[in-house]
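# Architecture and fold: a report
Each chain, written out:
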Amino acid sequence: MTQWNVDAVMNIAERPDIVMVAGEGSWLTDNQGKRYLDFLQGWAVNCLGHSHPAIVEAISEQAGKLINPSPAFYNEPMIALSQLLVKHSGFDQVFFANSGAEANEGAIKLARKWGSKYKNGAYEIICFERAFHGRTLATMSASGKPEWAELFTPKLAGFKHVPLNDINAVLAAINKNTVAVMLEPVQGEAGVIAADPLFLRQLREVTKKQDLLLIVDEVQTGMGRTGQLFAHQHADIQPDMMTLGKGLGGGFPLSALLVTDQVACFDFGDQGGTFNGNPLATAAGLAVLTELIRPGFMDAVNEKSQQLSRSLKTLQQHDRYGLIKSVRGQGLLQAICFHRPVAKELMKRAFQAGLLINATQADVIRFMPSLLISEDEIGLMEDIMLQQVLNR
Ligand SMILES: Cc1ncc(COP(=O)(O)O)c(C=O)c1O
């Protein structure tokens, strides 16, 4: 690190010895002027790529007008974004927050409140093995990451974990204390593992029959990432709650909890936060959603998804050392699975070659480019992966 002393930055992640200084579309630039083709996009956050003009304009304009009147007042972009989300989702009300974990905390709290009001104090939530719902204490407790089992104990009580795509395991876990089932339509952190559409439909049926809430955590899968505006729409179901984050603000911190009228039962003071629904963040969200619902936008995402999928299969066909076991994923959330734990080493090689990818597991590399990725950029990723990463 030649120009910067980073000692004052808390060291909570293994960071390379560079500083990122600029971003545009699918490209990031570091302090040495080196450019990186970005298939990470802030972990699926910059859904329109880096510094999309519509977001830049919305934030700049809003910043000159009003940054934060406090959540005790309505503001214009908050109202407009909540209306647009409701219109395109089938939910009735939106609570804005700042991170995916915070939106999920809201969902957990609302489920408990609903249980206390309408289900004799039921509070338990059925979650899934290997799930990832965030890094607050409650959301870590809801997550099913094996590495976290002994971390920050005692965990928050009230979460049961069962295998994904196993409806009998869900049925066996339900008891008089159960209030909800919570899942990611595609488990991203676990290595891009999709819930079967059939399983999602079964879950919806079971939860309806047994008067339980169905909560979908679409922090990673929402906002067009899987080729539908929201991933649960692939299974044609309407959950009771949905959380959004990441892509919602297109890079600006913004998350949301969307619920139906039947579920919305917070009393004043139960839920809130200083920055929640601030006009700067919601103006960014409004700019993002306005782009995503333009005619033809999702068709283009689906075309790029197919191209990415073909490209990853090409890598498998030309994988000289037979490292690749399979290719999986949905939309522009895809992954390569390896026979051996080589993901981190390959990620480092890619980084040296100017390509950013993510080793989400020891044997899985995840690809989550901008939804506006170009054909040429996917082709370039394929070339780099073949020549400088896999077959080197
Ligand atoms: C499915 C899911 N839920 C929740 C979160 C937590 O979001 P945040 O890091 O914004 O708190 C993530 C982040 O990766 C996620 O993928």
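Residues numbered from 1 in each chain as written. Predicted model: local features only at pLDDT ≥ 70, side-chain atom pairs only at ≥ 80, totals over all residues. Heavy atoms only, no water.

## Concerning the overall build of the chain
Regarding its fold elements, the chain presents 11 helices and 17 strands. Projected onto the principal axes, the alpha-carbon positions of the chain cover approximately 60 × 55 × 45 Å. Sequence-distant contacts, at least 24 apart, represent 70% of the contacts inside the chain between residues at least 6 apart. Taking the average location of the 35 positive side-chain charges in the chain and that of its 40 negative ones, the two points are 5 Å from each other. (Helix = DSSP H or I, 4+ residues; strand = E, 2+ residues; numbered from the N terminus. Contact = heavy atoms within 4.5 Å. Lys, Arg positive; Asp, Glu negative; His and termini not counted. Charge placed at Lys NZ, Arg CZ, Asp CG, Glu CD.)

## Some words on the site of the ligand
Around the ligand, a shell composed of 13 residues is seen, among which Gly100, Ala101, Asp217, Gln220 and Lys246 lie nearest. Here an oxygen atom of the ligand and a side-chain polar atom of Lys246 are 3.0 Å apart. Against a free-state accessible area of 390 Å², the protein chains account for coverage of 82% of the ligand. Here the shell around the ligand gets three residues from one element, more than from any other, and that element is helix 4 (residues 100-118). Looking at the shell around the ligand residue by residue, the class counts come to three nonpolar, six polar and four charged. (Near = heavy atom within 4 Å. Polar contact = N/O pair within 3.5 Å; in protein donor to acceptor, adjacent residues only side chain to side chain. Areas by Shrake-Rupley, 256 points an atom, 1.4 Å probe, with all protein chains shown as cover. Nonpolar A, V, L, I, M, F, W, Y, C, P; charged D, E, K, R; others polar.)

## As for the domain arrangement of the chain
When the domains of the chain are assigned, the result is domain 1 (20-52 + 297-390) and domain 2 (54-292). A C-alpha centroid distance of 26 Å is found between domain 1 and domain 2. For the pair domain 1 and domain 2, the two sides together bury roughly 2400 Å², of which 56% comes from carbon and sulfur. Per-residue buried area on domain 1 facing domain 2 is highest for His52, Gln330 and Leu333; these three make up 26% of the total on that side. Counting across the interface, domain 1 meets domain 2 through one salt bridge. Arg366 is the partner of Glu189 in a salt bridge, and the nearest nitrogen-oxygen pair spans 3.1 Å. Taken together, the links from domain 1 to domain 2 amount to 13 residue pairs in polar contact (both at pLDDT 80 or more). (Domains from an automatic or database assignment. Buried area = accessible area lost by both parts, 1.4 Å probe. Salt bridge = Lys/Arg side-chain N within 4 Å of Asp/Glu carboxyl O.)

## Things to note about the packing of aromatic side chains
For any pair of aromatic rings, geometry is given as the distance between the ring centres together with the angle between the planes. Enumeration according to the criterion identifies five aromatic pairs in this entry. For the pair Phe132 and Trp148, a centre-to-centre distance of 5.4 Å together with 50 degrees between the ring planes defines the contact as tilted. Of this pair, Phe132 sits in the loop between strand 5 (124-128) and helix 5 (137-142) while Trp148 sits in the loop between helix 5 and strand 6 (159-162), and the two are 16 residues apart along the sequence. Note on Phe132: relative accessible area 15%, which makes it buried. (Phe/Tyr/Trp six-rings, centres within 6.5 Å; stacked < 30°, edge-to-face > 60°. Buried < 20%, exposed > 50% of the residue type's maximum accessible area, 1.4 Å probe, protein only.)

## Considerations on the pairing of strand 7 (residues 178-183)
Most of strand 7 is tucked away, with six of its six residues classed as buried. Looking at chain direction, strand 5 and strand 7 are connected through three bridges and run parallel. From the neighbouring strand, Ile125 faces strand 7, where its bridge partner is Ala180. Sheet topology places strand 7 next to strand 10 (residues 213-217); four bridges connect them, and they run parallel. By the bridge assignment, Ala180 is partnered in strand 10 with Leu213. (Pairing = 2+ DSSP bridges.)

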